[in-house]
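Residue-level listing of the chains:
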Amino acid sequence: KQEVTQIPAALSVPEGENLVLNCSFTDSAIYNLQWFRQDPGKGLTSLLLIQSSQREQTSGRLNASLDKSSGRSTLYIAASQPGDSATYLCAVNQLGNQFYFGTGTSLTVIP
Amino acid sequence: GAGVSQSPSNKVTEKGKDVELRCDPISGHTALYWYRQSLGQGLEFLIYFQGNSAPDKSGLPSDRFSAERTGGSVSTLTIQRTQQEDSAVYLCASSLSHTQTQYFGPGTRLLVL
């Protein structure tokens with residue numbers, strides 16, 4: 001069974017700092033990988049989707065990379081802002097149509 | 001509609017009662033997913049619908065859980081004889097297909113007393 005791990009579990013940084021969130025998965029037979037953010041008491045908001053044939057995707061200050069062979073993805077956030085504070089989740093779309101989620105990284109950006 | 005909607009937003013029930021949770025996906029989305037998020041836990045896949053195909057029920061934790069999707073649109077997740085461990089946030093998501101971006105609803109918070 002696919003296992004998705006996110007490190008660190010929590011991260012606190014001062015405003016303006018660049019940061020990297022990590023996601024690793026055990027089975028490389030995937031369709032794609034998706035990064036989400038979840039605000040307290042809210043549903044998930046999609047940030048970036050990387051197909052298995054792609055190496056990276058960018059949206060504004062966010063850049064996600066995928067190394068399928070090594071089972072790793074990173075989410076890079078540039079020039080962090082207090083509004084970036086949330087829990088960030090990665091999800092692997094496993095062949096067979098199931099999604100496996102990591103337990104998330106809780107990010108706090110200190111003004 | 002503008003996004004995925006779920007109802008009710010909150011549900012408190014007594015142990016042993018049945019509950020129904022509703023999900024309205026984005027119009028035109030053929031794929032629909034149900035997940036469960038327990039306190040401090042990651043999202044747990046429950047069930048997946050794709051068009052008119054038979055649903056993937058492999059994530060349902062017990063036979064007390066069932067789901068339907070009528071007319072390829074609205075879906076209902078039913079939990080029979082609820083237990084306290086069923087307390088969680090139940091999230092629904094839809095997408096154009098299983099390889100595309102998932103869009104999540106706000107969830108239903110279920111508390112079983």
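Residues numbered from 1 in each chain as written. Chains lettered and ligands numbered in written order. Predicted model: local features only at pLDDT ≥ 70, side-chain atom pairs only at ≥ 80, totals over all residues. Heavy atoms only, no water.

1. Regarding the overall build of chain B
Counting its secondary structure elements, chain B contains zero helices and ten strands. Start at the N end of chain B and walk to the C end: the helices and strands fall as β-β-β-β-β-β-β-β-β-β. Taking 2.2 N^0.38 as the reference for a compact globule, 113 residues should give roughly 13 Å; the C-alpha atoms of chain B span a radius of gyration of 13 Å, in line with that estimate. If you line up chain B on its principal axes, its C-alpha atoms span 35 × 25 × 25 Å. Counting only residues that meet the buried cut, chain B has 49% of its 113 residues in that class. Considering only residue pairs separated by 6 or more positions, chain B has 55% of its internal contacts joining residues 24 or more positions apart. Working note: accessible area of chain B is about 5,400 Å², and carbon and sulfur atoms make up 47% of it. Separation of charge centres in chain B, based on 10 positive and 10 negative side chains, amounts to 3 Å. (Helix = DSSP H or I, 4+ residues; strand = E, 2+ residues; numbered from the N terminus. Rg over C-alpha atoms; globule rule 2.2 N^0.38 Å. Buried < 20%, exposed > 50% of the residue type's maximum accessible area, 1.4 Å probe, protein only. Contact = heavy atoms within 4.5 Å. Areas by Shrake-Rupley, 256 points an atom, 1.4 Å probe, with all protein chains shown as cover. Lys, Arg positive; Asp, Glu negative; His and termini not counted. Charge placed at Lys NZ, Arg CZ, Asp CG, Glu CD.)

2. Comments concerning the packing of aromatic side chains
Ring pairs (aromatic) are described by centroid distance and by the angle formed between their planes. In this structure the tally under the stated criterion is nine aromatic pairs over all chains. Ring centres of F99 of chain A and Y33 of chain B lie 5.2 Å apart, and the angle between their planes is 90°; on these two criteria the pair is classed as edge-to-face. Placement of the pair is F99 of chain A in strand β10 (residues 98-101) and Y33 of chain B in strand β4 (residues 31-37), with the two residues belonging to separate chains. Accessibility assignment for this pair places F99 of chain A and Y33 of chain B in one class, buried. Between the aromatic rings of F101 of chain A and Y35 of chain B, the centroid separation amounts to 5.2 Å while the plane-to-plane angle is 80°, which identifies the pairing as edge-to-face. A residue pair is termed interchain when its members come from two chains, as with F101 of chain A in strand β10 and Y35 of chain B in strand β4. Through a chain of ring-to-ring contacts, three or more aromatic side chains come together here, namely F36, F99 and F101 of chain A together with Y33, Y35, F45, Y48 and F104 of chain B. (Phe/Tyr/Trp six-rings, centres within 6.5 Å; stacked < 30°, edge-to-face > 60°.)

3. Here we look at the side chain of R36 of chain B
Examined against the element boundaries, R36 of chain B turns out to sit in strand β4. If near-sequence neighbours (up to four positions away) are discounted, R36 of chain B is found in contact with G42, L43, E44, L46, P61, F65, E85, D86, A88, V89 and Y90 of chain B.

4. A few points about the nonpolar core
Within the largest apolar cluster, 24 residues are counted, with the highest numbers of intra-cluster contacts made by L33, W35, L75 and Y88 of chain A. At the level of elements, β3 (19-25), β4 (30-38), β5 (44-51), β7 (62-67), β8 (72-77), β9 (86-94) and β11 (105-110) of chain A are the ones that each hand at least two residues to this core. Sequence-distant contacts of Y88 of chain A, defined by excluding residues within four places in its chain, comprise Q6, L21, F36, R37, L47, L75, I77, G104, T105 and L107 of chain A. One finds W34, F49, L60 and L77 of chain B within the second-largest nonpolar core, a separate group that totals 20 residues. (Core = buried A, V, L, I, M, F, W, Y, C linked by side-chain atoms within 4.5 Å.)

5. A short note on the sheet that holds strand β7 (residues 75-79) of chain B
All names here are of chain B. If you walk across this open sheet you meet the four strands as β1-β3-β7-β6, and the pairing is antiparallel. The strands lining the two open edges of the sheet, one partner per strand, are β1 (5-7) and β6 (65-69). With strand direction ignored, the average angle separating the axes of adjacent strands in the sheet is 15°. Note that β1 and strand β3 (residues 19-24) share three bridges and pair antiparallel. What sits directly across from S7, in β3, is R22. (Pairing = 2+ DSSP bridges. Axes fitted to C-alpha atoms, helices over the stretch in contact; angles between N-to-C directions.)

6. Some thoughts on the pairing of β4 of chain B
All names here are of chain B. For β4, a buried count of seven out of seven residues is recorded, marking the element as mostly surrounded by other parts of the structure. Burial of the side chains of β4 extends over both faces: A31, Y33, Y35 and Q37 are buried on one face and L32, W34 and R36 on the other. Across seven bridges, the pairing between β4 and strand β5 (residues 43-50) is antiparallel. Looking across to β5, one finds that Q37 is bridged to L43. Joining the antiparallel neighbours β4 and β5 is a turn of five residues, in which G40 adopts a positive phi near 75°.

7. Structural notes on the pattern of salt bridges
On inspection of all chains with the given rule, the structure shows six salt bridges over all chains. In this structure, the salt-bridge partner of R61 of chain A is D84 of chain A, at a minimum N-O distance of 2.8 Å. Of this pair, R61 of chain A sits in the loop between β6 (56-59) and β7 while D84 of chain A sits in the loop between β8 and β9, and the two are 23 residues apart along the sequence. Close ionic contact of R22 of chain B with D24 of chain B constitutes a salt bridge, the shortest N to O distance being 2.8 Å. (Salt bridge = Lys/Arg side-chain N within 4 Å of Asp/Glu carboxyl O.)

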